[in-house]
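Breakdown of the fold
Chain residues, written in single-letter form:
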Amino acid sequence: GAGVSQSPSNKVTEKGKDVELRCDPISGHTALYWYRQSLGQGLEFLIYFQGNSAPDKSGLPSDRFSAERTGGSVSTLTIQRTQQEDSAVYLCASSLAGFSPLHFGNGTRLTVT
Amino acid sequence: GQQLNQSPQSMFIQEGEDVSMNCTSSSIFNTWLWYKQDPGEGPVLLIALYKAGELTSNGRLTAQFGITRKDSFLNISASIPSDVGIYFCAGQLEKSSGDKLTFGTGTRLAVRP
């Protein structure tokens, strides 16, 4: 079956513009995660959705970052008024509930000029 | 917050050599996972460990969940060129804290031809 799909694969935007990143998780996976990976760095947790529970937003770096998950499936990560330090690869992952391993998409590489 | 110390940060090895890397935590995890990331792609799960003391193999890969629940190691035997990439350890917190993973900073592996 299909894996986690992210779009776009690359995004170049001007400083100050808003961007939306999309994630289609694996069908049937109730948990969805967003991580950020800066150049040469590890993965930084951003936000976590699990079923109908309130999302864990503890990793969002500022109020310019927000995410939604509609219908328990597709998720959109929105970054408002982008800054150059927002440049990174944004990775989405999904899993079955209950400590199942995460399956990652290939990420969206965001470049803010 | 949670800190995962992964070592070494990078290593060059001769093809055919064995490789060892490890990960230590300041806190207990219930699950340890090892991922590999190739350029331009998301991390791919290699091995999952669910019990303290567990030793699991996947082909040339062997990983162990430390008895204290605060560490894990990954061994790669008889390395080959396609082993090149970045290896991440990840720990999953106590269930009361949700299912999100905390990642190590990665071990970059390069093989000398």
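See above for the structure.
Structural notes, computed from the coordinates. Keep in mind that what you see is a predicted model, and the values were worked out from it rather than measured. (Residues numbered from 1 in each chain as written. Chains lettered and ligands numbered in written order. Predicted model: local features only at pLDDT ≥ 70, side-chain atom pairs only at ≥ 80, totals over all residues. Heavy atoms only, no water.)

1. What to know about the interface of chain A and chain B
Tallying the contact residues gives 22 residues for chain A and 25 residues for chain B. Put simply, chain A and chain B have zero salt bridges between them. Counting every contact that joins chain A to chain B gives four residue pairs in polar contact (both at pLDDT 80 or more). Within the residue set of the side of chain A that touches chain B, elements represented by two or more residues are β4 (31–37) and β5 (43–50) of chain A. (Contact = heavy atoms within 4.5 Å. Salt bridge = Lys/Arg side-chain N within 4 Å of Asp/Glu carboxyl O. Polar contact = N/O pair within 3.5 Å; in protein donor to acceptor, adjacent residues only side chain to side chain. Helix = DSSP H or I, 4+ residues; strand = E, 2+ residues; numbered from the N terminus.)

2. What about the environment of Glu20 of chain A?
Residue and element names in this part refer to chain A. Among the secondary structure elements, Glu20 is positioned in strand β3 (residues 19–24). As a C-alpha pair, Glu20 and Gln50 span 30 residues in sequence and 21 Å in three-dimensional space. Among residues more than four places away in sequence, those in contact with Glu20 are Pro8, Thr76, Leu77 and Thr78.

3. Details of the sheet that holds strand β7 (residues 75–79) of chain A
Residues and elements named next belong to chain A. Pairing is antiparallel in the open sheet, where four strands are placed in the order β1-β3-β7-β6. Two strands close off the open sheet at either side, each with one partner strand: β1 (5–7) and β6 (65–69). On average, each strand axis in the sheet is inclined to that of its neighbour by 15°, with strand direction left out of account. When β1 meets β3, the two strands line up antiparallel, connected through three bridges. For Ser7, the partnering residue across the bridge sits in β3 and is Arg22. (Pairing = 2+ DSSP bridges. Axes fitted to C-alpha atoms, helices over the stretch in contact; angles between N-to-C directions.)

Any link to function would need more than the numbers given here.
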